[in-house]
Amino acid sequence: NKSFDTILNEKDLDLDDFSELIELIKESHVLKVFLEEMIFLLHEKIPGYSSSQESISLHVLSAWNTLIHSTMSNRISYNQNTKLLFETLLYQMREVI
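All figures in this text were calculated on a predicted structure; none of them were measured in a lab.

Student: What is the right way to read the side chain of Arg-75 from this model?
Tutor: With respect to the helices, strands and loops of the structure, Arg-75 is situated in helix α4 (residues 58-78). What Arg-75 contacts, discounting residues up to four positions off in sequence, is Ser-28, Leu-31, Gln-80, Asn-81, Thr-82 and Leu-85.

Below, the structure is given as structure tokens:
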């Protein structure tokens, strides 16, 4: 959830804010679990889905969902570098906003 808040609210995305997380997800199985958790958190941000006051536009949610699934697919299909995939995902998510 902190990741979403940082992506949404920070003017400039600083990878140092994610350094601990990036270190943790170097293992591909950890990346998969993290991405699955991100998808779960996306569902909680759908307007009217939960009692959360904080919601994100459906356009952003849809784009982020696509990016997350693409990241998972690239890791599985092409065995791309986990750290690079995550960093790319963060920047792509930020560009959607």
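Student: Just checking my understanding: could you explain a negative patch on the surface for this structure?
Tutor: A cluster of acidic residues, Asp-12, Asp-14, Asp-16 and Asp-17, forms a negative patch on the protein surface. Here Asp-14 shows up in the loop between α1 (2-9) and α2 (19-24).

Student: I'm lost on the packing of α4 against helix α5 (residues 82-96) in this one. Help?
Tutor: Put simply, α4 and α5 touch, their axes get as near as 10 Å, and they point 165 degrees apart. The angle between α4 and α5 places the two elements in the roughly antiparallel class. You can see that α4 and α5 cross each other, and the crossing is right-handed. Residues His-59, Val-60, Ala-63, Trp-64, Leu-67, Ile-68, Thr-71, Asn-74 and Arg-75 of α4 form the contact with α5, whose participating residues are Thr-82, Leu-85, Leu-89, Gln-92, Met-93 and Val-96. Taken together, the residues of the contact of α4 with α5 sort by class into nine nonpolar, five polar and one charged.

The rules behind each value
- Residues numbered from 1 in each chain as written.
- Predicted model: local features only at pLDDT ≥ 70, side-chain atom pairs only at ≥ 80, totals over all residues.
- Heavy atoms only, no water.
- Helix = DSSP H or I, 4+ residues; strand = E, 2+ residues; numbered from the N terminus.
- Contact = heavy atoms within 4.5 Å.
- Patch = residues over 30% accessible without salt bridge, like charges linked within 9 Å, V, L, I, M, F, W, Y side chains within 5 Å.
- Areas by Shrake-Rupley, 256 points an atom, 1.4 Å probe, with all protein chains shown as cover.
- Salt bridge = Lys/Arg side-chain N within 4 Å of Asp/Glu carboxyl O.
- Lys, Arg positive; Asp, Glu negative; His and termini not counted.
- Charge placed at Lys NZ, Arg CZ, Asp CG, Glu CD.
- Axes fitted to C-alpha atoms, helices over the stretch in contact; angles between N-to-C directions.
- Parallel < 35°, antiparallel > 145°, perpendicular 65-115°, else oblique.
- Left-handed = near helix turned anticlockwise from the far one by under 90°.
- Nonpolar A, V, L, I, M, F, W, Y, C, P; charged D, E, K, R; others polar.

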